[in-house]
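One-letter residues, chain by chain:
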Amino acid sequence: MPEPILTAVATALATKAATGLYDLVKRKFSGNSKATAELEAATPENPATVTALAERLDEVSRQDPEFGAALRTEFEVHQEARSGGVTNHVGTVAEGAKVVQLRDVQGNISL
């Protein structure tokens, strides 16, 4: 049985609303037609398809812990964004690079 978080991830994927999360999983599944079919078939109206996807995510996460960690991180970003917050996830950044995060800007901005 998959972890509850993977069932939540599968549900988010089934709605097709979590674009970054969906793209991450689709890239990972790209070499496996059966896994890709499970991803594309998942729909909230059919809980069995969500369960099948959660089980697939569990299997792949166990085989590739790095993917499992990336999946959880991207899901957290999705959850924070849904709550109305601004989320800026910065991966590896070149030394000396600058990152700017803004929300609800009224007026002009000059950088």
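Everything discussed here concerns the structure shown above.
Residues numbered from 1 in each chain as written. Predicted model: local features only at pLDDT ≥ 70, side-chain atom pairs only at ≥ 80, totals over all residues. Heavy atoms only, no water.

(A) Structural view of the overall build of the protein chain. When its secondary structure is counted, the protein chain shows 5 helices and 0 strands. Helices and strands appear in the protein chain in the N-to-C order α-α-α-α-α. Within the protein chain, the proportion of its 111 residues that are buried is 30%. Counting only contacts in the protein chain whose residues sit at least 6 apart along the sequence, the fraction spanning at least 24 positions is 52%. Carbon and sulfur atoms make up 50% of the accessible area of the protein chain, which totals about 7300 Å². (Helix = DSSP H or I, 4+ residues; strand = E, 2+ residues; numbered from the N terminus. Buried < 20%, exposed > 50% of the residue type's maximum accessible area, 1.4 Å probe, protein only. Contact = heavy atoms within 4.5 Å. Areas by Shrake-Rupley, 256 points an atom, 1.4 Å probe, with all protein chains shown as cover.)

(B) Structural view of a nonpolar patch on the surface. Residues Val100, Leu102, Val105, Ile109 and Leu111 make up a contiguous nonpolar surface patch of about 530 Å² in total accessible area. Along the chain, Ile109 falls in the segment after helix 5 (65-82). Using a relative accessible area of 44% as the deciding quantity, one classes Ile109 as partly exposed. (Patch = residues over 30% accessible without salt bridge, like charges linked within 9 Å, V, L, I, M, F, W, Y side chains within 5 Å. Salt bridge = Lys/Arg side-chain N within 4 Å of Asp/Glu carboxyl O.)

(C) Spatial organisation of the environment of Gly20. Along the polypeptide, Gly20 turns up in helix 2 (residues 19-29). Expressed as a C-alpha distance, the spacing of Gly20 and Glu74, which sit 54 residues apart in the sequence, is 7.1 Å.

Shape is all these values report; function is a separate question.
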